[in-house]
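Given next are the chains, with one letter for each unit.
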Amino acid sequence: MAKPKQSAQVDLDRVRNIGIAAHVDAGKTTLTERVLFYTGVSHKIGEVHEGAAHMDWMAEEQAHGITITSAVTQCPWKDHLIQIVDTPGHVDFTIEVERSMRVLDGAVIVLDGVRGVEPQTETVWRQANRFQVPRALFFNKMDRPGADFERAMETVRRRLGENPIPVCVPLVDDLAVLHVIEEQVYTFSGDRGMDVSTRPPTEAEQEILEEARSALINGLADFDDDLAEAFLMEEPIEAEMLWSVLRRCTLQGVVRPAFAGSALRNWGVQPLLDAVLKIMPSPIEREVVKGIDPATDAPIEVAMDADQPLVGLAFKVQLFDGRRHVFARLYRGRLEPGDKVRITGTDEVERVARVFDVDANKKTRIDEAVAGQIVLLAGLRRLTTGDTFCAVDAPVLLERIEARQPVLSLAIEPQATKDEEKMLEVLGKMCEEDPTLTFHENKETGQRLISGMGELHLQIAFERMEREFGVKVHVGKPEVVHRETITQSTTHTGGVDRQIEAGDAILELKADVTVAVAPRPRGEGTTVAVDAVTWAPAGFEPSADQRAAVEAGVNDACSVGPIEGNALQDVGIVVQAVTTHGASSSPQALRIAASTAVREALMQAGGVVMQPVMAVEIVVPDENTGGVLGDLQARGATILGHEPDGGVTSIQAECGLKSLIGYATELRSSTKGRGQFVMEFSRFDVM
C-alpha cells in the first residue's frame, strides 16, 4: 500500500458532489468516461460496449455491459473538484441510486435523445425528488436517427411535470452545440473531442439561437422580476445575469437546465462540465441537513462545518479485496485514521483503521477527511448502510436510507457439500453489501432461499459468488415472494390456559387478550397499537415486562399469515383488553395469549394471498403491438395505455410478477430482438 497522502484541502466552495443517473442504456457511463478523460483522470477512454469502461470495474459489469454497482471517483475541472457517483440504470439495482441520491448535492440525469423520458428515468426522478437534489438534463445520442431535442424535452414536461430550459441546443450536422447563454457555437475536434473552440453562429443558426434564448429567458423570467423587466423593456441581457438566475432556479428546483450532445461521439460534454461548476451547489450551499438528538428526539441542524463535532452517514458497504469497507459522506467535522466513532442509537463505538479517496475500484489512503467529502472507511465491522456515525460524545441521528422489499426468491444450495459453511458466510457478506438482497431458510421445507429484486439481480449474485469467492451453487426455479392480508374487520378474544413442566415444577400459564383487526389500504403497511389497553381485573397495574410481552406476542403473529404463513401486510391490529389471572399471567403467558388471539382473529377475518404487482413498460415496433397486447392480457395484465411514437409503440401495464418470469426472453423472440421491456415493483396486491 502506498504511503498515505495528505487529503487535499479544497475550499468547499469549489467542490461539487454530483451523481450521473439514467434509464438503462441511455449512456450515463459513457458520459462519465468522457468526463474522466477530459478532466485528465483517465488517459484513455474506456468504452462500455468493449467491456473496458473505467467505472464499470466489476467483471459482471464488463460481461453484461451494464452498471451494477455505483462507483465513486474525483476529477479536477477549472480549479474545482468534482466528486462523481456513476449509478446503475437497471431497475434491479435501484438501491444503488437510492443511497447515492441520499448523499449527493446535485445530479445530471441522462436521457436518450430519441426516447426522452423512459420508465427508469421516472424512478430515478422520484428518488431525486425525495432528497430534493438539484438536477440538470443531458440529452444524449443526439446523433441517432430519430433524435429530436424539442420532442425529448416535451417528454420531460409531459411525463415528469417539469420545466426544462434549453442551455445547449444540438447542431447535428456539425456535431456542435449552440450555447444559448454564451451565444456561441461550440465545436469539438482533435483527439477524441478534446479541443473545444467557439465561433459566432451563422445566419441560420442565429434564428435557432433567438428562438431558444427566448424560451430560456421566458422560462426564467417567471421567477425573477429584474430579468422579466429587462426582457419586457428589450434591454440587453448579459450572460452573467442569466447564469445567476439559472443557478438560483436550479437550486430551488423550479427549472431543469437542458444540455445536448453525444457522449459516444465526444460531442457536448465540456459545456456540461462548465455548467456543473456554474449551476450546481457546493456542499455548503445545500439546505442544512436536519438530524435529531437520539436521547430527546429534539431536532438538530447539522451545518457543513469542519470544525464542529463529527457527523457522517454510511451509505454503502462494499467488499474490496474480500475485506469490508464502508462508503460514507461527512456532513460535519473531521475524521482521521485511528479516530473512534459512535454508531448513533447504539452503544457501539468503533475505531476507523484507514480512510481512503476512491477512484472506481482503486483506493488511496489519506490522513484526513473533512465535512463535504465522500470517502471510503476500513476497520468498521458493525457500521452498515443507513447508519449515522458521530463523535463519541456528541450523538446525532440522520435520516436513514430505506431499502425496498425483495420480490423474487430462488432455492440455493452449494454444489459441493464442503462449501456449505462458506456459502453461508459469503451470503451474509453479500446481503450486508446489498440491503435488497436477503437470505433465509424455509422452516417447513428446509430449503435455503435467496431473495432479490429480479432475475438479473439474483443472476449477478450467483456469478459474484463463483468469481469472487469460489462458491458454485445449484439454483432452483424462481419463487415469487408472497404477502398476506385480510378482507374483513373483526374483534376476537383468545388466550392461553395450560400447564407446562419446568424442571420439577408445574408452571401454569393463563391469560386472555382481546384484539381488533382490520384491513388497511394497499401499501400502507401493518400497524400495531398497544397504547390504550384495558387491563383486568380493575386496578391491576401491569409491569413493563408484561406490557412488552403483549406487544411481542402481537408482533410474533404478524410474521405468519393465516393462509400460507407469509408475512402480513396492510393490516391494522389494536389490542383492546387484557385479562390477567394472578401469578399465572407471567410475561410468557401474556406473549402466548396475545399471539394466539391475533392468529385466531386473522383466521376469522378471511385471509387472502397477495403477490408482487409490477408496473411494466414495453416498447415494440408498431407491427408487433397487437400480438404483444394480446399476450399481456393472456398473462392477466391490466393495460393502462399505449402510445405510438415514431414507428414504435410504448405500452404501459400492470401485471403479477409470476406471469412475467422469463418474459424478456419471450418478448425478444416474438419481436425479432426489437422489443424492450422494463418492470418495476409497484405494490403487493390480490391478483
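Residues numbered from 1 in each chain as written. Predicted model: local features only at pLDDT ≥ 70, side-chain atom pairs only at ≥ 80, totals over all residues. Heavy atoms only, no water.

S.K.: Help me understand the overall build of the protein in this model?
M.R.: Per the secondary structure count, the protein includes 15 helices and 38 strands. By the compact-globule yardstick of 26 Å for 687 residues, the protein fits well, its C-alpha radius of gyration being 29 Å. Taking the principal axes of its C-alpha atoms as reference, the protein extends roughly 100 × 65 × 60 Å. In the protein, buried positions account for 54% of the 687 residues. When contacts within the protein are restricted to residue pairs at least 6 apart in sequence, those whose partners lie at least 24 apart make up 72%. Accessible surface computed for the protein: about 29500 Å², of which carbon and sulfur atoms make up 48%. Charged side chains in the protein number 70 positive and 105 negative. The centres of these two groups are separated by 5 Å. (Helix = DSSP H or I, 4+ residues; strand = E, 2+ residues; numbered from the N terminus. Rg over C-alpha atoms; globule rule 2.2 N^0.38 Å. Buried < 20%, exposed > 50% of the residue type's maximum accessible area, 1.4 Å probe, protein only. Contact = heavy atoms within 4.5 Å. Areas by Shrake-Rupley, 256 points an atom, 1.4 Å probe, with all protein chains shown as cover. Lys, Arg positive; Asp, Glu negative; His and termini not counted. Charge placed at Lys NZ, Arg CZ, Asp CG, Glu CD.)

S.K.: What is the right way to look at the environment of aspartate 339 in this model?
M.R.: Turning to its location among the elements, aspartate 339 is positioned in the loop between strand 16 (334-335) and strand 17 (340-343). On the basis of relative accessible area, aspartate 339 is assigned to the partly exposed category, the value being 27%. For the pair aspartate 339 and alanine 552, spaced 213 residues apart in sequence, the C-alpha to C-alpha distance is 38 Å. Sequence-distant contacts of aspartate 339, that is, excluding residues within four places in its chain, are made with Arg334, Glu350, Arg351 and Val352.

S.K.: Which parts of the structure should I look at to understand the sheet that holds strand 12 (residues 289-292)?
M.R.: Within a beta sheet, neighbouring strands are joined by backbone hydrogen bonds and run either parallel or antiparallel to one another. Reading across the sheet, the three strands line up as 13-12-24 and stay open at both edges, with antiparallel pairing between neighbours. On the outer flanks of this sheet lie strand 13 (299-302) and strand 24 (397-398), each paired with one strand and no other. Direction of pairing for strand 12 relative to strand 24: antiparallel, over a ladder of two bridges. From the neighbouring strand, isoleucine 292 faces strand 24, where its bridge partner is leucine 397. (Pairing = 2+ DSSP bridges.)

S.K.: What's the story with the packing of helix 12 (residues 544-558) against helix 13 (residues 587-604) in this structure? I'm lost.
M.R.: Helix packing geometry: the angle between the two helix axes and the distance between the axes. Relative orientation of the contacting elements helix 12 and helix 13 amounts to 35 degrees, with a least axis distance of 7 Å. The two elements helix 12 and helix 13 meet at a crossing, and its hand is right-handed. In this structure, helix 12 contributes Asp545, Gln546, Ala549, Val550, Ala552, Gly553, Val554, Asp556 and Ala557 to the contact, and helix 13 contributes Pro587, Leu590, Arg591, Ala594, Ser595, Val598, Arg599 and Leu602. Here the contact of helix 12 with helix 13 is composed, by residue class, of ten nonpolar, three polar and four charged. (Axes fitted to C-alpha atoms, helices over the stretch in contact; angles between N-to-C directions. Left-handed = near helix turned anticlockwise from the far one by under 90°. Nonpolar A, V, L, I, M, F, W, Y, C, P; charged D, E, K, R; others polar.)

S.K.: Got a minute to help me understand the pairing of strand 4 (residues 106-112) in this structure?
M.R.: Consecutive side chains of a regular strand alternate in pointing toward one face of the sheet and then the other. Burial within strand 4 is extensive, with seven of its seven residues counted as buried. Judged by which residues are buried, strand 4 turns out to be covered on both faces: Gly106, Val108, Val110 and Asp112 on one side and Ala107, Ile109 and Leu111 on the other are all buried. Inspection of the sheet shows strand 1 (residues 15-22) paired to strand 4 by five bridges, in the parallel sense. Bridging from a neighbouring strand, alanine 21 pairs with isoleucine 109 of strand 4. Strand direction decides the pairing type here: strand 4 and strand 5 (residues 135-140), joined by six bridges, are parallel.

S.K.: Hey, could you run me through the side chain of glutamate 433 in this one?
M.R.: Position of glutamate 433 relative to the elements: it lies in helix 10 (residues 420-433). In this structure glutamate 433 touches Arg99, Val317, Gln318, Leu319, Thr385 and Arg464, once residues within four positions along its chain are discounted.

S.K.: Sorry, what's going on with unusual backbone geometry here?
M.R.: Across residues other than glycine, the phi torsion is negative in most instances, and most of the peptide bonds are trans. With an omega of 5 degrees, the peptide bond running from alanine 536 to proline 537 counts as cis. Within the secondary structure layout, proline 537 lies in the loop between strand 33 (534-536) and helix 12. Here the phi dihedral of lysine 78 falls at roughly 50 degrees; this positive angle occurs in a residue that is not glycine. Tracing the backbone through its elements, the reader meets lysine 78 in the loop between strand 2 (71-77) and strand 3 (80-86). One non-glycine residue with positive phi stands out, namely aspartate 570, at about 60 degrees.

S.K.: Quick question: what am I supposed to make of the packing of helix 1 (residues 28-38) against helix 9 (residues 269-279) here?
M.R.: It is the contact of helix 1 with helix 9, at a shortest axis distance of 10 Å, that shows an interaxial angle of 80 degrees. Overall, the two elements helix 1 and helix 9 adopt an arrangement that is roughly perpendicular. Where helix 1 approaches helix 9, its residues Leu31, Arg34, Val35 and Tyr38 are matched on the opposing element by Val269, Gln270, Leu272 and Leu273. (Parallel < 35°, antiparallel > 145°, perpendicular 65-115°, else oblique.)

S.K.: Any chance you could explain the packing of aromatic side chains here in plain terms?
M.R.: To describe a pair of aromatic rings, you give the distance between the ring centres and the angle between the ring planes. A complete count under the given rule lists five aromatic pairs for this structure. Taking 6.1 Å as the distance between ring centres and 35 degrees as the angle between the ring planes, the aromatic pair formed by tryptophan 535 and phenylalanine 540 counts as tilted. For arginine 135, the ring lying beneath its charged end belongs to tryptophan 125, and the centroid distance is 4.5 Å. It is lysine 363 that lies over the ring of phenylalanine 356; its NZ or CZ is 5.5 Å from the centre. (Phe/Tyr/Trp six-rings, centres within 6.5 Å; stacked < 30°, edge-to-face > 60°. Lys NZ or Arg CZ within 6 Å of the ring centre and 35° of its normal.)

S.K.: Can you walk me through the confidence of the model for the protein in this structure?
M.R.: Detailed conclusions should not be drawn from predicted coordinates in areas where pLDDT is low. Per-residue confidence for the protein gives a mean pLDDT of 86, with 92% of residues at or over 70. Of all the helices and strands in the protein, helix 2 (residues 59-64) carries the lowest mean pLDDT, 52, while strand 11 (residues 256-260) carries the highest, 97. Counting contacts from residues 1-8, a segment whose pLDDT is below 50, to residues more than four positions away or on other chains yields 15 contacts. Note on residues 48-57: pLDDT is under 50 here. Beyond four places in sequence and across chains, it has 41 contacts. (pLDDT = per-residue confidence, 0-100.)

S.K.: What is the right way to look at the sheet that holds strand 26 (residues 438-441) in this model?
M.R.: A sheet is described by the order of its strands in space; here four strands give the open sequence 26-27-25-28, paired in antiparallel fashion. With partners counted over all chains shown, the strands left at the sheet margins are strand 26 and strand 28 (473-480), one partner each. When the angles between neighbouring strand axes are averaged without regard to direction, this sheet yields 30 degrees. Bridging between strand 25 (residues 408-414) and strand 27 (residues 448-452) involves four bridges; their strand directions are antiparallel.

S.K.: I'm lost on the pattern of salt bridges in this one. Help?
M.R.: Counted under the stated rule, the structure contains 39 salt bridges. The salt bridge involving glutamate 643 is made with arginine 158; its shortest N-O contact spans 3.6 Å. Here glutamate 643, found in strand 36 (residues 638-645), pairs with arginine 158, found in helix 5 (residues 149-160); they are 485 residues apart in sequence, far enough to count as distant. Among the residues examined, glutamate 643 registers a relative accessible area of 37% and is labelled partly exposed. A relative accessible area of 46% places arginine 158 in the partly exposed class. Among the ionic pairs, arginine 547 bridges to glutamate 541, the shortest N-O distance being 3.4 Å. On the basis of relative accessible area, glutamate 541 is assigned to the exposed category, the value being 61%. Each of Arg115, Glu118, Glu122, Arg159 and Glu617 takes part in a single network of salt bridges with overlapping partners. (Salt bridge = Lys/Arg side-chain N within 4 Å of Asp/Glu carboxyl O.)

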